[in-house]
Amino acid sequence: MSFPVDPMRGWTALALLTAYGLMCASIWWAHRRRERARLLQQSQLGEATAGEARVLVAHGSQTGQAEQLAWRTAESLHLAGRGVRVCPLNDVDAAVLAEVSELYVITSTYGEGDPPDSAVLFADHLDALDAPRLSGLKHAVLALGDREYEHFCGFGRRVDAWLARQGATPLFDRIEVNQLDEVAIRNWFERLSMHAGAVAMAGWQAEPLDEAGWRLADRRLLNEGSPGEGVFHLELEPVDGPLPAWEAGDLVHIAPPQGALNEAGAPDRLPRAYSIASVPEDGRLHLLVRLRRLADGRAGCVSGWLCLHAAVGERLTLGVRAHPVFRIGDNAERRLLLVGNGTGMAGLRAHLRARDPSRTSVRPAHGAGPVVVPCWLFFGERDPQIDLHHRDELHAWQASGLLAGLDLAFSRDPAAPAYVQQRLMERASDIRDWVKQGAAIYVCGSLNGMAASVDEALREVLGGDTLLTLQREGRYRRDVY
Ligand SMILES: Cc1cc2nc3c(=O)[nH]c(=O)nc-3n(C[C@H](O)[C@H](O)[C@H](O)COP(=O)(O)OP(=O)(O)OC[C@H]3O[C@@H](n4cnc5c(N)ncnc54)[C@H](O)[C@@H]3O)c2cc1C
Ligand SMILES: Cc1cc2nc3c(=O)[nH]c(=O)nc-3n(C[C@H](O)[C@H](O)[C@H](O)COP(=O)(O)O)c2cc1C
């Protein structure tokens, strides 16, 4: 028995196969490009010559500060003529340590003394019973943290104590840095030059903000009547000149307004981080900011100013910050599982806008229509009627096929209160299928209220080993705060 052959179906199948082939090739090319860039950066620092100490600078970093300082540290050692390697702590294991004679660890701390994401795999070694003896190793630790948290520099302290327990010799005492305090960081570079022969880095300063100025171009309350605090959609633009370049996943640092004082009554100059909710093609830099209320009912310094006090048109000082751990990286052609809550919508929305089929798509030949690599959004908030930020846009993306799935959880839903991690458990088998098909997972939003439970749920759904593999492959990325 024979079936009539529809030539259009044949062409469509061929077009889809070609598009798929192109997609696979571009994943491979993107990976090669990144690997080449990494090797180039590495080779510029030089390799140790025979007989010389083998020096490793390892960083544990979530929002990039420790990583930035690691590269500066490597630079100062390299300028003194030393061969240096730089890598995330996650790449450090017993075999790596066996090859190294000097180790510089620069790491931040999150949660309750926990490691940042680029050090979670390394943290497992700290509890291992068969950890290696490190008697031939010299080391120094720069621990970044914030005294507002109970476990100040907790993870840096843990790594330092572990190195000492394993027999390594400190080159100098651990240096702890509160809120990127420049004096402490300068101290680190001075110690490096005294004890490790590094070239002194005079006048180290945090990356400056863009003093040329930005303007608040628009502000909209998104959740009027919500049981939670107001969430505002903000649009910012440079006062003069073009928008700077950034990628989905990046952050901005916004300076407190002139004259702001901190709780101790001293000038508050510490910039606050916000996830960017748009891409440069949108023409403006969008944010999603929730008004923070302090215990005494006053508004938080920067969120209060952005959400309540700054007039539309008013100037502000900000800096756009690359946030590589939450960028698309090698995942540009992969399906994305996006998970978040509250203002975490910001970072997820930037990734969705970067993929918006009306702008970017793989268009196969013969007019078969754009191929959109789909995303699946799990999002949690409080009230189902009020708190689905950017509701219309999400529904338009469902209609266009960009959002293949939209699973929502509202904690104040009178019919069925739920949290986002419950939705992950309910959809376990489909999630496993997506991951088998190559999906990457992006989590954005609160660290305490959401990310830890989501991590647990993913561990249950996928298995701990698979989640670790995804992390190693850059397919599990988080912007959590
Ligand atoms: C990587 C990153 C991305 C972020 N993205 C966003 C975003 O997209 N949208 C958004 O609205 N906010 C975001 N934030 C939070 C934002 O940076 C500010 O912390 C928030 O707006 C409060 O600042 P404020 O100046 O209004 O409050 P402040 O005047 O700084 O007061 C905040 C009060 O809360 C306390 N506090 C500070 N941090 C915490 C904490 N984590 N947990 C509990 N208490 C704390 C302080 O001790 C202080 O009393 C992000 C933070 C990080 C680190
Ligand atoms: C959500 C969150 C949790 C944090 N938890 C801690 C903590 O428990 N202890 C601490 O010392 N610092 C804590 N910090 C401060 C960071 O460690 C500090 O800002 C550091 O400079 C960040 O460096 P990174 O960009 O390399 O990750 C926390 C910061 C955030 C945003």
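Residues numbered from 1 in each chain as written. Chains lettered and ligands numbered in written order. Predicted model: local features only at pLDDT ≥ 70, side-chain atom pairs only at ≥ 80, totals over all residues.

Participant: Quick question: what am I supposed to make of the overall build of the protein here?
Facilitator: Looking only at helices and strands, the protein has 13 helices and 17 strands in total. In the protein, which comprises 481 residues, the share counted as buried stands at 38%. When contacts within the protein are restricted to residue pairs at least 6 apart in sequence, long-range pairs at least 24 apart make up 75% of them. (Helix = DSSP H or I, 4+ residues; strand = E, 2+ residues; numbered from the N terminus. Buried ≥ 20, exposed ≤ 12 C-beta atoms within 10 Å, placed from the backbone. Contact = placed C-beta atoms within 7 Å.)

Participant: Would you mind going over the sheet that holds strand 15 (residues 403-410) with me for this structure?
Facilitator: Remark on secondary structure: sheet strands pair via backbone hydrogen bonds, oriented parallel or antiparallel. Strand order in the open sheet formed by five strands is 15-14-13-16-17, and the pairing between neighbours is parallel. For this open sheet the edge positions go to strand 15 and strand 17 (476-480), each flanked by a neighbour on one side alone. Each adjacent strand pair in this sheet contributes to an overall mean axis angle of 10°, direction not counted. Note that strand 13 (residues 336-341) and strand 16 (residues 440-445) share five bridges and pair parallel. Following the sheet pairing, Gly-340 is matched in strand 16 by Cys-444. (Pairing = 2+ DSSP bridges. Axes fitted to C-alpha atoms, helices over the stretch in contact; angles between N-to-C directions.)

Participant: For this particular structure, what's the right way to read the site of ligand 2?
Facilitator: Taken together, the neighbourhood of ligand 2 is formed by 23 residues, with Ser-61, Ala-66, Ser-108, Gly-145 and Tyr-149 sitting nearest. Contributing elements (two or more residues each) for the shell around ligand 2: helix 2 (65-79) and strand 4 (138-145). In terms of residue class, the shell around ligand 2 is built from ten nonpolar, twelve polar and one charged. (Near = placed C-beta within 6 Å. Nonpolar A, V, L, I, M, F, W, Y, C, P; charged D, E, K, R; others polar.)

Participant: Help me understand the site of ligand 1 in this model?
Facilitator: Taken together, the neighbourhood of ligand 1 is formed by 21 residues, with Gly-300, Cys-301, Val-302, Ser-303 and Tyr-481 sitting nearest. Those elements giving two or more residues to the shell around ligand 1 turn out to be strand 10 (272-275), strand 11 (285-290) and helix 7 (301-309). Of the residues contributing to the shell around ligand 1, the split by class is ten nonpolar, six polar and five charged. Two domains share the shell around ligand 1, each providing at least three of its residues, namely domain 2 (210-322) and domain 3 (328-480). (Domains from an automatic or database assignment.)

Participant: Help me understand the pairing of strand 11, please; the structure alone is not making it clear to me.
Facilitator: In the case of a regular strand, side chains alternate between the two sheet surfaces. A large share of strand 11 lies buried, amounting to six of its six residues. Neither face of strand 11 is exposed, since Leu-285, Leu-287 and Val-289 on one face and His-286, Leu-288 and Arg-290 on the opposite face are all buried. Here strand 8 (residues 231-238) pairs with strand 11 via six bridges, running antiparallel. From the neighbouring strand, Glu-235 faces strand 11, where its bridge partner is His-286.

Participant: It is not clear to me how the nonpolar core should be interpreted in this structure. Could you clarify?
Facilitator: The nonpolar side chains of a soluble globular protein tend to be buried, and buried together. Grouped together as the largest cluster of nonpolar side chains are 69 residues, with contacts concentrated most on Ile-276, Leu-337, Leu-338, Ile-441 and Val-454. Counting residues per element, this core draws most heavily on helix 12 (residues 447-462), at seven residues. A domain-level breakdown of this core finds at least three residues from each of domain 2 (210-322) and domain 3 (328-480). Among all residues touching Val-454, those that are not within four sequence positions of it are Val-339, Val-420, Gln-421, Leu-424 and Val-443. The next biggest cluster of nonpolar side chains, apart from the first, holds 40 residues, and it includes Val-84, Leu-144, Val-177 and Trp-188. (Core = buried A, V, L, I, M, F, W, Y, C linked by C-beta atoms within 7 Å.)

Participant: Explain the packing of helix 12 against helix 13 (residues 464-472) here, please?
Facilitator: Contact geometry for helix 12 and helix 13: axes closest at 6 Å, N-to-C directions at 115°. As far as their axial angle goes, helix 13 and helix 12 are roughly perpendicular. Here Leu-458, Arg-459 and Leu-462 of helix 12 lie close against helix 13, whose contacting residues are Gly-464, Thr-466 and Leu-467. Its residues assigned to classes, the contact of helix 12 with helix 13 shows three nonpolar, two polar and one charged. (Parallel < 35°, antiparallel > 145°, perpendicular 65-115°, else oblique.)

Participant: Before we go on, may I ask you to explain the packing of helix 2 against helix 6 (residues 182-196) in this structure?
Facilitator: To characterise two packed helices, one gives the angle between the axes of the helices and the distance between these axes. Running from N to C, helix 2 and helix 6 cross one another at 30°; their axes reach a closest spacing of 11 Å. The pairing of helix 2 with helix 6 is recorded here as roughly parallel in orientation. Between helix 2 and helix 6 lies a crossing of right-handed hand. Across from Leu-69, Thr-73, Ser-76 and Leu-77 in helix 2, the residues of helix 6 making contact are Ile-185, Phe-189, Leu-192 and Ala-196. Across the contact of helix 2 with helix 6, the residue classes tally to six nonpolar, two polar and no charged. (Left-handed = near helix turned anticlockwise from the far one by under 90°.)

Participant: Mind showing me how you'd approach the confidence of the model for the protein here?
Facilitator: When pLDDT is low, close inspection of the predicted coordinates is not appropriate. When pLDDT is averaged along the protein, the result is 89; 86% of the residues meet or exceed 70. Per-residue pLDDT stays below 50 along residues 1-5; that stretch engages in one contact with residues further than four places along the chain or on separate chains. Confidence over residues 23-40 falls short of pLDDT 50; this stretch has ten contacts with residues more than four positions distant or in other chains. (pLDDT = per-residue confidence, 0-100.)

Participant: How do you make sense of unusual backbone geometry when you look at a structure like this?
Facilitator: Excluding glycine, residues mostly carry a negative phi; peptide bonds, for their part, are mostly trans. Phi angles above zero are rare outside glycine, and Leu-180 is one such case at about 55°. The backbone phi angle of His-390 is positive, close to 60°, even though this residue is not glycine. If you trace the backbone, His-390 turns up in the loop between strand 14 (375-381) and helix 9 (391-400). For His-390, a count of 20 C-beta atoms within 10 Å corresponds to the buried category.

Participant: Would you take a moment to explain the environment of Ser-76 for this structure?
Facilitator: In this structure, Ser-76 sits in helix 2. A tally of 23 C-beta atoms within 10 Å means that Ser-76 is categorised as buried. Sequence separation between Ser-76 and Ser-193 is 117 residues, and the spatial gap between their C-alpha atoms is 8.2 Å. Filtering out sequence-adjacent residues up to four positions away, Ser-76 remains in contact with Phe-189, Leu-192, Ala-198, Val-199 and Met-201.

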